[in-house]
Amino acid sequence: MSVVDEPLYPIAVLIDELKNDDIQLRLNSIRRLSTIARALGEDRTRKELIPFLSENNDDDDEVLLAMAEELGVFIPYVGGVEHAHVLLPPLETLCTVEETCVRDKAVESLCRIGSQMREGDLVNWFIPLVKRLAAGEWFTARVSACGLFHIAYPSASETLKTELRSIYSQLCQDDMPMVRRSAATNLGKFAATVEPAHLKTDIMSIFEDLTQDDQDSVRLLAVEGCAALGKLLEPQDCVQHILPVIVNFSQDKSWRVRYMVANQLYELCEAVGPDPTRTDLVPAYVRLLRDNEAEVRIAAAGKVTKFCRILNPELAIQHILPCVKELSSDSSQHVRSALASVIMGMALVLGKDATIEQLLPIFLSLLKDEFPDVRLNIISKLDQVNQTLLSSWFQGNKNLWGSLSKSVLQVIGIDLLSQSLLPAIVELAEDRHWRVRLAIIEYIPLLASQLGVGFFDDKLGSLCMQWLQDKVYSIRDAAANNLKRLAEEFGPEWAMQHIVPQVLEMIDNPHYLYRMTILRAICLLAPVMGSEITCSKLLPVVVNASKDRVPNIKFNVAKVLQSLIPIVDQSVVEKTIRPSLVELSEDPDVDVRFFATQALQAIDHVMMSS
C-alpha cells in the first residue's frame, strides 16, 4: 500500500468490519470511531464517515447503542460546534429504532450536542429535527422527541415557541401510552425552560391532562411532575394547582400511583410549604400508611422520619405515631423492615418523653420480630438512639446531663437494652442463614462503642469468640476483623485482658481451618497491640505453629511472620523470625517453600533499605 493510499485504509477497515458476521468485530469498529475519525481528518469525517454511519444503522442493538454513545462526544472530530449539525442525521435515525436503550442513548447524545450548538444552528437544524420526530409515523420517534424539547425551546423565536408548546401538548394526548409516558417524564425539564406566563397556562393545562390520563403508568409519572412543577410555581399557585392533584393521587384507584405518591411525598411537601402540608398532606400521608397494598405501606413507612421532620412534635404524636404502632405489627415483614430502618430517627422529632413513653416500646417490639431483617435494621440504627438522646436533649445543659445521665444511658442503654437487645443479638448471632450472622458481626463494634465496655464484656464477649469457630469461612474472617476493630475501640490493655488469651487458646483446635482463622486474627491484632505484646505473646504462638503438620497452616505462618516484620525490632526478626522462615523454606511442600522464601526476601529488602 502506498503512502498516498494510507488515509483510505482506516475507513476501508471500518466498512469491512461493520459488514462482518462477527458482532464483536462490528462492535470493536464502532468503538474505534474516534481513532478512525482522527486518521481521516475533520473534512473526510464529515463527508464520508458520518454519511456512512447514517446509511448503516440496521444492525444489532448492541452495535447501535455503542454508535449512539460514540456520536455524543464526536463534535471535536467533525470540526467543532460550527459543524455539530452533521451529527444529527445518524442520531435522528437511532431515535426511531425499536430498542428503548438505543433510543435513550441517542436522545442523551442529541441533548449533549444540542447544548453545545450555536443558537442559529439550533433553529436551522435541531428544532426541525425535533418537529420531524414529533410528527413521526412510528411511536418510537414521538417518544424520543419528548426528551429534546427542553434543549430546543430556549433558542426558538416566539412563533416557534408557541408551535413547540402546541406540539408538546399534542404529544401529551397521543394515542400511544408510551408517548404520553415519555411526555409526562420530560414535562419537568421542559417546564423549567418555559416562561412563567406560559407556565401557568399552557404547561399547567398539559399537566392537568396527564393527571387525568386513563393509564396508571402515565399518571404515576405525572406524580414526579408535581414536585418538579411545584418548585417552578409561586407558593400560592402551587397550592392552587399542585396540592389538589397530590391529594387526589393519594387516593388513586391504582396502587402504583399511590406508591409513587408515598415515595415522593416529602419532596411534594417541600413544594407546597408547611401550612398546606399540615392541613392537607398529613391526612393523605396517614391514608398511605394505612393503605391496603403492602408496597404502598413499605414506601410510606420508609419516609416516616423524613415526613415527621417537617411537622411539629404534637402533630407527629397525634397523627403519625398511631400509624407507626400499627405498622410495627404489620402482616408484611417487608413493611416492618422498612419501618425498622428509619424509626429511630423519629426520636429527634418527638423529644425525650415521647420517645421513652411511646417510641421505645415500638422499638423493643421490633427487636423481638420473627423476621431477621427487622431486628438487623433496628440494631444497625442503634447509634441514632444514643446520639439523639445524649446530644440533642442535653446539648447546652450540663447540669441536666449530670442529673439525668442515668435515666438515659443506663435506663435505655443498659436495663431495657440488656433485656431486649441482647436476646435479639444472640438469636441473630446463631441464625441459620450465614448472611444474617455476617451482618450482626459487622454491627458489633458499633454496639460496643454505644453501650460501653462493661456491657460488652458481660454480654457480647463470648459471642465474638464463638464466631471464630463458625462453619462458614466468611463468618470466621469477619470475626477476626471484628476483634481488631474492638481492640482499636477499647485499647490494647483491654484486648490483652479479654481477647488475646482466648484467641491464643484456640490455636490448638484439632481442625486446621480454625487454626488458620486464629493465625489471621493474630495477623490483624498485632499492629494494634504493638511491638511488646506481639513479641511476648503473639510471636511465640506463630513460631510454634510453624511446626504444624498441615502445609496450609505452615504457609500461612510464613505470611503472618512476614506481616510482623515491620512491627517487631530488627533483633527479633534475626533471632526468631528468620530461623523459622529458613526452616519453612526447606519444607517438602512447594507452597510452604514459596511463601517462606517470599518472607525471607522481604526481610532482606528491609535490611537493605535500613
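Procedures and definitions
Residues numbered from 1 in each chain as written. Predicted model: local features only at pLDDT ≥ 70, side-chain atom pairs only at ≥ 80, totals over all residues. Heavy atoms only, no water. Helix = DSSP H or I, 4+ residues; strand = E, 2+ residues; numbered from the N terminus. Contact = heavy atoms within 4.5 Å. Areas by Shrake-Rupley, 256 points an atom, 1.4 Å probe, with all protein chains shown as cover. Core = buried A, V, L, I, M, F, W, Y, C linked by side-chain atoms within 4.5 Å. Buried < 20%, exposed > 50% of the residue type's maximum accessible area, 1.4 Å probe, protein only. Axes fitted to C-alpha atoms, helices over the stretch in contact; angles between N-to-C directions. Parallel < 35°, antiparallel > 145°, perpendicular 65-115°, else oblique. Nonpolar A, V, L, I, M, F, W, Y, C, P; charged D, E, K, R; others polar. Phe/Tyr/Trp six-rings, centres within 6.5 Å; stacked < 30°, edge-to-face > 60°. Lys NZ or Arg CZ within 6 Å of the ring centre and 35° of its normal. Disulfide = S-S within 2.5 Å. Polar contact = N/O pair within 3.5 Å; in protein donor to acceptor, adjacent residues only side chain to side chain. Salt bridge = Lys/Arg side-chain N within 4 Å of Asp/Glu carboxyl O. Patch = residues over 30% accessible without salt bridge, like charges linked within 9 Å, V, L, I, M, F, W, Y side chains within 5 Å. Lys, Arg positive; Asp, Glu negative; His and termini not counted. Charge placed at Lys NZ, Arg CZ, Asp CG, Glu CD. pLDDT = per-residue confidence, 0-100.

1. Considering the overall build of the chain
- The helix and strand inventory of the chain stands at 36 helices and zero strands.
- At a minimum sequence separation of 6, the contacts of the chain that also span at least 24 residues come to 68%.
- Surface accessibility of the chain: about 27,600 Å² in total, with carbon and sulfur atoms responsible for 50%.

2. Considering the environment of Asp 209
- With respect to the helices and strands, Asp 209 occurs in helix α13 (residues 196–211).
- Asp 209 sits 37 residues away from Cys 172 along the chain, and the two C-alpha atoms are 7.6 Å apart.

3. Let's talk about the nonpolar core
- By size, the foremost hydrophobic cluster in this structure holds 215 residues, and its most contacted members are Phe 126, Phe 149, Leu 265, Ile 320, Ile 343 and Trp 467.
- Here this core takes 14 residues from helix α28 (residues 434–467), the largest share from any one element.
- Residues in contact with Ile 343, not counting those within four places in the same chain, are Thr 305, Val 324, Leu 359, Ile 362, Leu 366 and Ile 378.

4. Let's talk about the packing of helix α24 (residues 352–367) against helix α25 (residues 372–380)
- At a minimum axis distance of 8 Å, the contact between α24 and α25 shows a crossing angle of 130°. As the angle between them shows, α24 and α25 are arranged oblique. For the pair α24 and α25, the contacting residues are Phe 363, Leu 366 and Leu 367 in the first and Val 374, Arg 375, Ile 378 and Ile 379 in the second.
- Residue composition of the contact of α24 with α25, by class: six nonpolar, no polar and one charged.

5. So, helix α22 (residues 333–342)
- Taken across its 10 residues, α22 has seven buried, putting it largely inside the fold.
- For α22, the complete set of buried residues consists of Val 335, Arg 336, Ser 337, Ala 338, Leu 339, Ala 340 and Val 342.

6. What about the packing of aromatic side chains?
- The final tally for this structure, using the stated rule, is 10 aromatic pairs.
- Here the aromatic rings of Phe 555 and Phe 595 are separated by 5.2 Å at their centres, their planes lie at 25°, and the arrangement is stacked. Placement of the pair is Phe 555 in helix α34 (residues 551–564) and Phe 595 in helix α36 (residues 590–609), with a sequence separation of 40 residues.
- A relative accessible area of 15% places Phe 555 in the buried class.
- With a relative accessible area of 19%, Phe 595 lands in the buried category.
- In textbook terms, an aromatic cluster arises when at least three aromatic residues are bridged by ring pairs, as seen for Phe 149, Tyr 153, Tyr 168 and Phe 190.
- When the ring centre of Phe 595 is taken as reference, the NZ or CZ atom of Lys 559 above it lies at 5.0 Å.

7. Some details on the state of the cysteines
- Inspection of every chain in the model, using the stated rule, returns zero disulfides.
- Among the cysteines around Cys 146, which has no disulfide bond, Cys 172 carries the closest sulfur, lying 6.8 Å off.

8. Details of the side chain of Thr 45
- Tracing the sequence through the fold places Thr 45 in helix α4 (residues 42–55).
- Since its relative accessible area comes to 0%, Thr 45 is described here as buried.
- Engagement of the side chain of Thr 45 in a polar contact is seen with the backbone oxygen of Ala 37, the distance being 3.3 Å.
- In contact with Thr 45, other than residues within four places in its own chain, are Ala 37, Leu 40, Ile 50, Pro 51, Phe 74, Tyr 77 and Val 78.

9. Quick word on the packing of helix α14 (residues 216–232) against helix α17 (residues 255–272)
- The geometry of α14 relative to α17 is characterised by a closest axis approach of 9 Å and an angle of 5° between their N-to-C directions. In terms of axis orientation, α14 runs roughly parallel to α17. Where α14 approaches α17, its residues Asp 216, Ser 217, Arg 219, Leu 220, Val 223, Glu 224, Cys 226, Ala 227, Gly 230 and Lys 231 are matched on the opposing element by Arg 256, Val 257, Met 260, Val 261, Gln 264, Glu 267, Leu 268 and Ala 271.
- Of the residues belonging to the contact of α14 with α17, the class tally is nine nonpolar, three polar and six charged.

10. Looking at the pattern of salt bridges
- As enumerated under the stated definition, the model contains 24 salt bridges in all.
- Between Asp 43 and Arg 46 there is a salt bridge, with its nearest N and O atoms 3.3 Å apart. Of this pair, Asp 43 and Arg 46 both sit in helix α4, three residues apart, which is roughly one turn of that helix.
- Residue Arg 515 pairs with Asp 548 through a salt bridge whose shortest N-O separation is 2.9 Å. Here Asp 548 lies in the loop between α33 (531–545) and α34 and Arg 515 lies in helix α32 (residues 512–529), a separation of 33 residues in the sequence.

11. Topic: the environment of Leu 539
- With respect to the helices and strands, Leu 539 occurs in helix α33.
- Look at Leu 539 and you get buried, because its relative accessible area is 2%.
- Between the alpha carbons of Leu 539 and Ala 526 there is a distance of 9.1 Å; along the sequence they are 13 residues apart.
- With sequence-adjacent residues up to four places away left out, Leu 539 is seen in contact with Thr 534, Leu 561, Leu 564, Val 572, Thr 576 and Ile 577.

12. Digging into a negative patch on the surface
- A grouping of Asp 60, Asp 61, Glu 62, Glu 98 and Glu 99 is seen on the molecular surface, where their side chains present a negatively charged patch.
- Mapped onto the secondary structure, Asp 60 falls in the loop between α4 and α5 (61–71).

13. Thoughts on the confidence of the model for the chain
- Mean pLDDT over the chain stands at 82; residues scoring 70 or higher make up 89%.
- Every residue in residues 1–8 scores below 50 in pLDDT, and together they form five contacts with partners more than four places removed in sequence or on other chains.

14. Some points on helix α9 (residues 139–146)
- Most of α9 is tucked away, with seven of its eight residues classed as buried.
- Regarding α9, the residues found buried are Thr 140, Ala 141, Arg 142, Val 143, Ser 144, Ala 145 and Cys 146.

15. A short note on the environment of Asp 202
- The residue Asp 202 is located in helix α13 in this model.
- In this structure, the C-alpha to C-alpha distance between Asp 202 and Thr 162, residues 40 residues apart in sequence, is 9.6 Å.
- Only 3.4 Å separates the side chain of Asp 202 from the side chain of Thr 201, close enough to count as a polar contact.

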